Amino acid sequence: MTFKQALDKGIRLLEAEKIPDAKLDAWYLLSYVSELTKAEYFLKQNESVDDLILYKYKDVLLKRAMHTPLQYITGEQEFMGISFWVNENVLIPRQDTETLVEEALKVIPSGSHVLDLCTGSGCVIISLAMLGQGLTGIGVDISEDALAVARENGNRLVGSKVDFVLGNLWQQVTGKFNAIVSNPPYIKTEVIEELASEVKDHEPRIALDGTEDGLFFYKQIVGQAKDYLIDNGWLLVEIGYDQGADVYSLFTGAGFKDVEIVKDLAGNDRVVKGHV
């Protein structure tokens, strides 16, 4: 079987299982197992595929056909131009969340110490440490399995600039920070079953479920954040597209100043920020 025949077969398989972006995913998986670039593929598309590569390709195709997210198969996802390791124990970093990092970089002074609650893969705090001026931080998560992923990413990308701590929100947090960031679970429990199979059946439920009204974690975070922020310290949280007004009210009700709702590239409310 040639590379072209293998790719065509992969596309047909994924299309038959109604996989979104079947053509693109079939290509990514072939590139992943063969280590071919697009240019190399066009040069070799009529050559025979090595049996081992063909075996690996069939294996990853079947996983994707079962709606396992592409990122969990390849083990990586790009975020803020940085390649992060991911697995089924962490939420897959999304472009929407880049808005949180971008807004944080605008207001966090150089040399700041930053707290990231519900850190997951560590993509937010690690990106801040890599892209900010002299930033250090702590990432907290309730899942030891998620922290194993975050620590691996941290060790590879920023070394000792970021520590990762097991805890339920503020449980293990001490001291004061220049800024606090969070992308907490915020999807209403009843809505989760309406999500795509890739999300509801494969991504960790604990990282999605914001309880009945989707606001549980915001109430916990906003309600206590001032105890852990220095004077003029910032709090920034990612929100769902329909949560802007509710989270804005939590911020203003807790006495935060210059509270603002920021939209993402798609024009949806995505971040609420304010300072003490």
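Computed from a predicted structure; not experimentally measured.

Looking at the overall build of the protein
Logical step 1: Check the secondary structure of the protein and you find 12 helices and nine strands.
Logical step 2: Against the compact-globule benchmark of 19 Å for 276 residues, the protein has a radius of gyration of 21 Å, which places it among compact chains.
Logical step 3: Considered along the principal axes of its C-alpha atoms, the protein spans approximately 65 × 40 × 30 Å.
Logical step 4: For the protein, the proportion of its 276 residues judged to be buried stands at 51%.
Logical step 5: Counting every atom, the protein has about 13,400 Å² of accessible surface; 49% of that belongs to carbon and sulfur.
Logical step 6: Averaging the locations of the 26 positively and 42 negatively charged side chains of the protein gives two centres separated by 3 Å.

Describing the sheet that holds strand β4 (residues 136–141)
Logical step 1: Overall, mixed pairing links the seven strands, which are arranged β5-β4-β3-β6-β7-β9-β8 in an open sheet. The open sheet is flanked by β5 (162–166) and β8 (257–263), the only strands paired with a single partner. Taken pair by pair, the neighbouring strands of this sheet meet at an average axis angle of 15°, ignoring direction.
Logical step 2: The pairing of strand β3 (residues 113–117) with strand β6 (residues 177–182) spans four bridges and is classified as parallel. Within β6, the residue paired with Leu115 across the bridge is Ile180.

Examining unusual backbone geometry
Logical step 1: Positioned with a positive phi, Lys18 is a non-glycine residue whose angle comes to about 55°.
Logical step 2: Along the chain, Lys18 falls in the loop between α1 (3–16) and α2 (22–34).
Logical step 3: Among the residues examined, Lys18 registers a relative accessible area of 69% and is labelled exposed.
Logical step 4: For Met80, which is not glycine, the phi torsion reads 55° and is therefore positive.
Logical step 5: Structurally, Met80 can be placed in the loop between β1 (76–79) and β2 (82–85).
Logical step 6: On the accessibility criterion, Met80 (18% relative accessible area) is buried.

Remarks on the packing of aromatic side chains
Logical step 1: Within this structure, the stated rule accounts for six aromatic pairs.
Logical step 2: Between Trp170 and Tyr228, the ring centres sit 4.4 Å apart and the planes meet at 5°, which makes this aromatic pair stacked. Of this pair, Trp170 sits in the loop between β5 and β6 while Tyr228 sits in the loop between α11 (216–224) and β7 (229–238), and the two are 58 residues apart along the sequence.
Logical step 3: The class for Trp170 is buried, based on a relative accessible area of 6%.
Logical step 4: The buried category is assigned to Tyr228, whose relative accessible area is 15%.
Logical step 5: Above the face of the Trp27 ring, Lys38 is positioned so that its terminal group lies 5.1 Å from the ring centre.

Section: the side chain of Ser121
Logical step 1: Within the secondary structure, Ser121 sits in the loop between β3 and α7 (123–131).
Logical step 2: For Ser121, a relative accessible area of 3% puts it in the buried group.

Section: helix α4 (residues 51–65)
Logical step 1: Here α4 spans 21 Å end to end across 15 residues, near enough to the 21 Å set by a 1.5 Å rise per residue.
Logical step 2: Looking at α4, one finds that the buried residues are Ile53, Leu54, Tyr57, Val60, Leu61, Arg64 and Ala65. Burial along α4 is one-sided: seen end-on, the buried residues are contained in an arc of 140°. Set apart from the buried face of α4 by more than 90 degrees, the exposed residues are Asp51, Leu52, Tyr55 and Leu62.
Logical step 3: Elements in contact with the buried residues of α4: α1, α2, α5 (70–74) and α10 (197–200).
Logical step 4: Capping of α4 at its N-terminal end is provided by Asp50; its side-chain oxygen lies 2.9 Å from the backbone amide nitrogen of Leu52.

Describing the packing of α1 against α4
Logical step 1: The N-to-C vectors of α1 and α4 enclose an angle of 15°; their axes lie 10 Å apart at closest approach. Between α1 and α4, the angle is such that the two are roughly parallel. Once α1 is placed against α4, the crossing between them reads as right-handed. Where α1 abuts α4, its residues Ala6, Leu7, Gly10, Leu13 and Leu14 lie against Leu54, Tyr57, Leu61, Leu62, Arg64 and Ala65.
Logical step 2: Classifying every residue of the contact of α1 with α4 gives nine nonpolar, one polar and one charged.

With respect to the pairing of β3
Logical step 1: Here β3 lies mainly inside the structure; four of its five residues are buried.
Logical step 2: Bridging between β3 and β4 involves five bridges; their strand directions are parallel. The residue bridging Asp116 from the neighbouring strand is Gly139, located in β4.
Logical step 3: Since β3 and β4 lie parallel, the crossover through α7 that links them has a hand, and here it is right-handed.

What counts, and where the lines are drawn
Residues numbered from 1 in each chain as written. Predicted model: local features only at pLDDT ≥ 70, side-chain atom pairs only at ≥ 80, totals over all residues. Heavy atoms only, no water. Helix = DSSP H or I, 4+ residues; strand = E, 2+ residues; numbered from the N terminus. Rg over C-alpha atoms; globule rule 2.2 N^0.38 Å. Buried < 20%, exposed > 50% of the residue type's maximum accessible area, 1.4 Å probe, protein only. Areas by Shrake-Rupley, 256 points an atom, 1.4 Å probe, with all protein chains shown as cover. Lys, Arg positive; Asp, Glu negative; His and termini not counted. Charge placed at Lys NZ, Arg CZ, Asp CG, Glu CD. Pairing = 2+ DSSP bridges. Axes fitted to C-alpha atoms, helices over the stretch in contact; angles between N-to-C directions. Phe/Tyr/Trp six-rings, centres within 6.5 Å; stacked < 30°, edge-to-face > 60°. Lys NZ or Arg CZ within 6 Å of the ring centre and 35° of its normal. Expected span 1.5 Å × (residues − 1). Arc of directions from axis to C-beta. Contact = heavy atoms within 4.5 Å. Polar contact = N/O pair within 3.5 Å; in protein donor to acceptor, adjacent residues only side chain to side chain. Parallel < 35°, antiparallel > 145°, perpendicular 65-115°, else oblique. Left-handed = near helix turned anticlockwise from the far one by under 90°. Nonpolar A, V, L, I, M, F, W, Y, C, P; charged D, E, K, R; others polar. Right-handed = clockwise from strand over helix to strand, strands pointing away.

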